Amino acid sequence: MTLDLPALLPPAWQAALEPHLDPAGTAALGEFVAGEYATQTVFPPVEDLFSAYRLCAPEDTRVLILGQDPYHKAGQAHGLSFSVRDGVSVPPSLRNVYKELAEDLGVPVSRKGNLTRWANQGVLLLNAVLTVRQATPNSHANKGWEAFTDATIKALDARPERVVFLLWGGYARKKAALVTNPAHVVLEAGHPSPMNPRGFLGSRPFSACNKALADTGRPTVDWDLSAG
């Protein structure tokens, strides 16, 4: 049993990633992921595996926010980094994101954790690892997802229009080396986890992101989740 992972992507993403993927490695990842879905409880559900890609086409992507791996409790993960389904309480890291957003841009703190509205504006909410076993964080790390999502970053780096990469935390910040096109902007900060007492709060990533977009004439992001 295997999953043809690229075939599950929207066609535009298939074309964008193909030059950056190793077919043998991608096939091995597909076999591993299929086996995990068949024998374990894995999040997000397979139908949500590529939600970030479906909501945000390559040509529309203007911001990338990189997480590490999906939430590992039932009912949380739905394929978007840092985001949870409607009706799920806001996780601690996302609460800190909202706190910084309020300090940075005066956006009211949201009581919901679903970030689909950001995705619909061209914010690719990508995790470096796209699946996880229930109650076992990082259980699907080093199985091949990193190469798949690195290919995503490389595909965006190859685009001529500015993309702003928001890399929060040591793991995400290592990916800055993949962004080599001077058209793009990388904004690094500490991870928003409450376990990281400094490095994120006060970094003002949202205003800096919108300024970087506006500087090249790209539309800015309305970060207010209560709007629209």
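Residues numbered from 1 in each chain as written. Predicted model: local features only at pLDDT ≥ 70, side-chain atom pairs only at ≥ 80, totals over all residues. Heavy atoms only, no water.

1. What about the pairing of strand β5 (residues 164-168)?
For β5, the tally of buried residues reaches five of five residues, placing the bulk of the element in the interior. Here β5 shows no split at all, with Val164, Leu166 and Trp168 on one side and Phe165 and Leu167 on the other all buried. With four bridges joining them, strand β2 (residues 63-67) and β5 adopt parallel strand pairing. When the sheet's bridge partners are listed, leucine 64 is paired in β5 with phenylalanine 165. (Buried < 20%, exposed > 50% of the residue type's maximum accessible area, 1.4 Å probe, protein only. Helix = DSSP H or I, 4+ residues; strand = E, 2+ residues; numbered from the N terminus. Pairing = 2+ DSSP bridges.)

2. Some thoughts on the sheet that holds strand β3 (residues 123-127)
Whether parallel or antiparallel, the strands of a sheet pair through hydrogen bonds between backbone atoms. In space, the four strands of this open sheet follow the order β3-β2-β5-β6, with parallel pairing throughout. Looking at which strands have only one partner, the edges of the open sheet turn out to be β3 and β6 (185-189). Neighbour-to-neighbour, the strand axes of this sheet turn through a mean angle of 20°, independent of strand direction. (Axes fitted to C-alpha atoms, helices over the stretch in contact; angles between N-to-C directions.)

3. Side note on the UniProt feature "active site" (unreviewed entry) in the protein
UniProt annotation of "active site" (unreviewed entry) refers to Asp69 when read in the numbering used here. Inspection of the secondary structure puts aspartate 69 in the loop between β2 and α5 (92-105). We classify aspartate 69 as buried; its relative accessible area is 18%. Setting aside chain neighbours within four positions, we find aspartate 69 in contact with Asn127, Val129, Val132, Pro137, Asn138 and Ser139. Here the side chain of aspartate 69 touches asparagine 138 through a polar contact of 2.7 Å, landing on its backbone nitrogen. (UniProt positions renumbered as here; feature names shortened; annotations may be inferred. Contact = heavy atoms within 4.5 Å. Polar contact = N/O pair within 3.5 Å; in protein donor to acceptor, adjacent residues only side chain to side chain.)

4. Observations regarding the pattern of salt bridges
Counted according to the given criterion, the structure contains eight salt bridges. Linking lysine 211 and aspartate 215 is a salt bridge whose minimum nitrogen-to-oxygen distance equals 3.0 Å. (Salt bridge = Lys/Arg side-chain N within 4 Å of Asp/Glu carboxyl O.)

5. Quick notes on α5
The terminal C-alpha atoms of α5 lie 20 Å apart, and with 14 residues this matches the ideal 20 Å at 1.5 Å per residue to within 8%. Of all the residues in α5, the buried ones are Ser93, Leu94, Asn96, Val97, Tyr98, Glu100, Leu101 and Asp104. Looking at the buried side of α5, the elements it contacts are α6 (116-119), β5 and α9 (205-214). Where α5 ends, the next residue or the one after it, glycine 106, has phi of about 75°, a positive value. (Expected span 1.5 Å × (residues − 1).)

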